[in-house]
Amino acid sequence: GIPWKRGLLLLGPPGNGKTHCIKALINWLKVPALYVKSLKASYETDHDTIRKVFQKARKLKPCLLIMEDLDSLINDKNRSFFLNELDGFAQNTGIILIATTNHPERLDTAIVDRPSRFDRKYHFHLPELAERIAYIQSWQAQFAPEMQPTAEGVLRVAEATEGFSFAYLKELLLSAIMRWVNAPTPGTMDAVLNEQCDLLRSQMKSMNVAYTKPQEKDEEEDEDED
């Protein structure tokens, strides 16, 4: 009989299980869930969309209201309206708001730090060595015997994948399986995993360079203006 509403914020780099966690909660709780990926709509403003989302959630309560990539949804123009819907005059009893973000630093402190908005924050970090070993071993059990890496191979790959997200680990294992199966004379899975690890590592570095180049260009332009 106690009125309640809760806010959960799942944060951390992409590919480490935030969305999977939400899917698990939806399946486990067996309550209605509203999933919001964008606030853009034809002939309506963000304010209209935010109002409709919360009105729908109040009708479905108890329910989960899920806002994916909150930092891309809420901006300077709609933040005040969002906060008013979140804890203004309207009662949100029976609603659990679950938001995710890869960039918590982009969220205003009024959203992140004020109590009763997002009461709990759960960090989804990159996997540590023990977690990478456990993840690789869980996949290893699905391999045919001739495709299984050795214990030493698992450890070596786990050590070589520092900085990999779970999503990158999954891609490493899937691509290694495909490469092993399609090779005319496949070598050991240890060797295939090592080669695929080096390939993915180079792709990660290329992506990082691609993301940083525009920023570097802006900095050069600023220097020219000075």
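Above this note sits the structure.
Residues numbered from 1 in each chain as written. Predicted model: local features only at pLDDT ≥ 70, side-chain atom pairs only at ≥ 80, totals over all residues. Heavy atoms only, no water.

## Focus on the pairing of strand 3 (residues 63-67)
Right, so step 1: Burial runs high along strand 3: 5 of the 5 residues are buried.
Right, so step 2: Side chains Cys-63, Leu-65 and Met-67 project from strand 3 onto one buried face, and the interleaved Leu-64 and Ile-66 project onto a second face that is buried too.
Right, so step 3: In this sheet, strand 3 lies alongside strand 2 (residues 33-36) in parallel orientation, the contact comprising 4 bridges. Following the sheet pairing, Ala-33 is matched in strand 3 by Leu-64. (Buried < 20%, exposed > 50% of the residue type's maximum accessible area, 1.4 Å probe, protein only. Helix = DSSP H or I, 4+ residues; strand = E, 2+ residues; numbered from the N terminus. Pairing = 2+ DSSP bridges.)

## What about the packing of helix 6 (residues 129-140) against helix 7 (residues 151-160)?
Right, so step 1: Across the interface, helix 6 lies against helix 7 with an axial gap of 9 Å and an inter-helix angle of 130 degrees. By the angle between their axes, helix 6 is oblique relative to helix 7. Pair helix 6 / helix 7 crosses with right-handed handedness. Facing Leu-129, Arg-132, Ile-133, Ile-136, Gln-137 and Gln-140 of helix 6, the residues of helix 7 in contact are Val-154, Leu-155, Val-157, Ala-158 and Glu-159.
Right, so step 2: Of the residues in the contact of helix 6 with helix 7, the class split is 7 nonpolar, 2 polar and 2 charged. (Axes fitted to C-alpha atoms, helices over the stretch in contact; angles between N-to-C directions. Parallel < 35°, antiparallel > 145°, perpendicular 65-115°, else oblique. Left-handed = near helix turned anticlockwise from the far one by under 90°. Contact = heavy atoms within 4.5 Å. Nonpolar A, V, L, I, M, F, W, Y, C, P; charged D, E, K, R; others polar.)

## Brief notes about helix 8 (residues 166-182)
Right, so step 1: The terminal C-alpha atoms of helix 8 lie 24 Å apart, and with 17 residues this matches the ideal 24 Å at 1.5 Å per residue to within 8%.
Right, so step 2: When helix 8 is considered as a whole, its buried residues turn out to be Leu-169, Leu-172, Leu-173, Ser-175, Ala-176, Ile-177 and Trp-180. (Expected span 1.5 Å × (residues − 1).)

## Quick word on the pairing of strand 1 (residues 6-11)
Right, so step 1: Counting buried positions along strand 1 yields 5 of 6 residues, so the element is predominantly enclosed.
Right, so step 2: By the bridge criterion, 6 bridges tie strand 1 to strand 4 (residues 95-101) in an arrangement that is parallel. Bridge pairing in strand 4 links Arg-6 to Ile-96.
Right, so step 3: One ladder, built from 4 bridges, connects strand 1 with strand 5 (residues 120-123); its direction is parallel. Paired with Leu-8 across the strands is Arg-120, a residue of strand 5.

## What about the packing of helix 6 against helix 8?
Right, so step 1: Viewed as axis vectors pointing N to C, helix 6 and helix 8 meet at an angle of 35 degrees, and their least axial separation amounts to 11 Å. The crossing of helix 6 and helix 8 is right-handed. In contact with Glu-131, Arg-132, Tyr-135, Ile-136 and Trp-139 of helix 6, helix 8 contributes Phe-166, Leu-169, Lys-170, Leu-173, Leu-174 and Ile-177.
Right, so step 2: Residues that form the contact of helix 6 with helix 8 fall into these classes: 8 nonpolar, no polar and 3 charged.

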